[in-house]
Amino acid sequence: MEEVALGRTGLRVSRVGLGTAPLASIFWGNDEPTATDTARRALHAGLTFFDTAPFYGLGECERRLGAALRGGRDGVVIATKVGRTLQTGSGGEVEARFDFSYDAVRRSLDGSLGRLGIDRVNVVHIHDPDDHIDEAVAGAHRALVDLRDQGVIDAVSLGTNSVQTAATILERCDLDCLLVAGRFTLLDQSAAPLIDRCAERGIAYLAAGVFNSGVLAGPYDEAWYDYAPVARPVLDRARRIEQVCQRHGVALRTAALSFPLAHPGVSVAVVGMAAPHEVDENIEATRTKLPDDLWSELAGAGLLPPVATAEGHG
């Protein structure tokens, strides 16, 4: 797996990273052996960037990732998140609550380290501060900068689904990385200006959610788009894109993964994977050379704007 510099952090990472949300039993229904086997397969296949969060499976994903990487962490870059902290209710149930305060960052990070079974992580994202931007800037961001200055972490980042949130934080905060999910894909290129801004400032852009919750992995009637059942117009558009891909002998999921990676401003595509075979399929997709005229035909059919095909897409 090709490795690249992660912006100005001094870290080097694989072009594809493992997004760990699908390792959870909660929502995903994944069992522990399959989850740990998936992470191990990714590690053995050469993936060196692993992205997790306390919110994923309410701590389950961090524990499963930690178990999978135990004894084989050399050269691995781990990112986790703060701002959606885990708390135990009076009945023993675990729930996630928003808390972007300065003190909550250290408590959250300590909890993540315990679940992962390690003594440090490399990258920490401020997680979904859409409705808490002022608190995130004054509290979480300041705390993460202090931790970076102390050498506790390597990089300060933001993880969000919102282009508006990303644009606001990018202007107000000192970031090393920026992760935006679902906003630079075959179906949505709204993050393109953010990618250019990151490139100008030496910030590593991480393109997550490249399959838009699954519809770009397989445009089935029951597919999901942006964490909800797909609407018919979006499904129809995905199917039209798939038809163009088929004419060029390319699988839709291969094109969906290749699209963000072809942009020179994208450092890493963070891909959620739930089973070892998905790791194998995604690795194979990165080895497939796509014809340049695939992108131009998609643009000509009105399925991609010309601006999205101009940068590295033929």
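Predicted model, so just to flag it, every value in this text is computed and none were measured.

*Asks:* Please clarify how the pattern of salt bridges should be interpreted in this entry.
*Replies:* A side chain with one charge can pair with a side chain of the opposite charge if their charged atoms come near. Counted by the stated rule, this structure contains 24 salt bridges. Between Lys81 and Asp51 there is a salt bridge; the shortest N-O distance is 2.5 Å. Of the two residues, Lys81 is situated in strand E5 (residues 77-82) and Asp51 in strand E4 (residues 49-51); the sequence distance between them amounts to 30 residues. On the basis of relative accessible area, Lys81 is assigned to the buried category, the value being 2%. Among the salt bridges present, the one from Arg107 reaches Asp99, with a minimum N-O distance of 3.7 Å. On the basis of relative accessibility, which here comes to 53%, the residue Arg107 falls in the exposed class. The exposure class assigned to Asp99 is buried, which follows from its relative accessible area of 18%.

*Asks:* How do you make sense of unusual backbone geometry when you look at a structure like this?
*Replies:* Across residues other than glycine, the phi torsion is negative in most instances, and most of the peptide bonds are trans. Phi angles above zero are rare outside glycine, and Asp128 is one such case at about 50°. Looking at where Asp128 falls in the secondary structure, it is placed in the loop between strand E8 (123-127) and helix H4 (133-149). With a relative accessible area of 14%, Asp128 lands in the buried category. Although it is not a glycine, Asp226 adopts a positive phi angle of roughly 50°. Note that Asp226 resides in the loop between strand E12 (224-225) and strand E13 (228-229).

*Asks:* Explanation requested: the packing of helix H2 (residues 60-69) against helix H3 (residues 102-116) in the structure shown.
*Replies:* Packed helices, taken two at a time, are described by their axes: the angle between them and the distance between them. Closest axis-to-axis distance for the H2/H3 pair is 7 Å, and the angle between their directions is 45°. As the angle between them shows, H2 and H3 are arranged oblique. Contact residues: Glu62, Arg63, Leu65 and Gly66 in H2; Ser112, Arg115 and Leu116 in H3. The residue inventory of the contact of H2 with H3, partitioned by class, reads two nonpolar, two polar and three charged.

*Asks:* I keep staring at the pairing of strand E7 (residues 94-98) and nothing clicks. Help me out?
*Replies:* Of the pairings in the sheet, the one linking strand E6 (residues 84-88) to E7 comprises five bridges and is antiparallel in character. When the bridges of E7 are listed, Leu86 appears paired with Ala96. The turn joining E6 and E7, which pair antiparallel and follow one another in sequence, is formed by five residues; a positive phi near 90° is taken by Gly92.

*Asks:* Got a minute to help me understand a nonpolar patch on the surface in this structure?
*Replies:* On the surface, Ile26, Phe27, Trp28 and Trp224 cluster together into a nonpolar patch covering about 450 Å² of accessible area. Mapped onto the fold, Trp28 is located in the loop between strand E3 (16-19) and helix H1 (32-44).

*Asks:* Where do I start with the environment of Gly57 in this structure?
*Replies:* Position of Gly57 among the secondary structure elements: in the loop between E4 and H2. Along the chain, Gly57 and Ser25 lie 32 residues apart, while their C-alpha atoms are 6.6 Å from each other. Once you skip the residues sitting within four places of it in the chain, Gly57 turns out to touch Ala24 and Ile26.

Rules of the game
- Residues numbered from 1 in each chain as written.
- Predicted model: local features only at pLDDT ≥ 70, side-chain atom pairs only at ≥ 80, totals over all residues.
- Heavy atoms only, no water.
- Salt bridge = Lys/Arg side-chain N within 4 Å of Asp/Glu carboxyl O.
- Helix = DSSP H or I, 4+ residues; strand = E, 2+ residues; numbered from the N terminus.
- Buried < 20%, exposed > 50% of the residue type's maximum accessible area, 1.4 Å probe, protein only.
- Axes fitted to C-alpha atoms, helices over the stretch in contact; angles between N-to-C directions.
- Parallel < 35°, antiparallel > 145°, perpendicular 65-115°, else oblique.
- Contact = heavy atoms within 4.5 Å.
- Nonpolar A, V, L, I, M, F, W, Y, C, P; charged D, E, K, R; others polar.
- Pairing = 2+ DSSP bridges.
- Patch = residues over 30% accessible without salt bridge, like charges linked within 9 Å, V, L, I, M, F, W, Y side chains within 5 Å.
- Areas by Shrake-Rupley, 256 points an atom, 1.4 Å probe, with all protein chains shown as cover.

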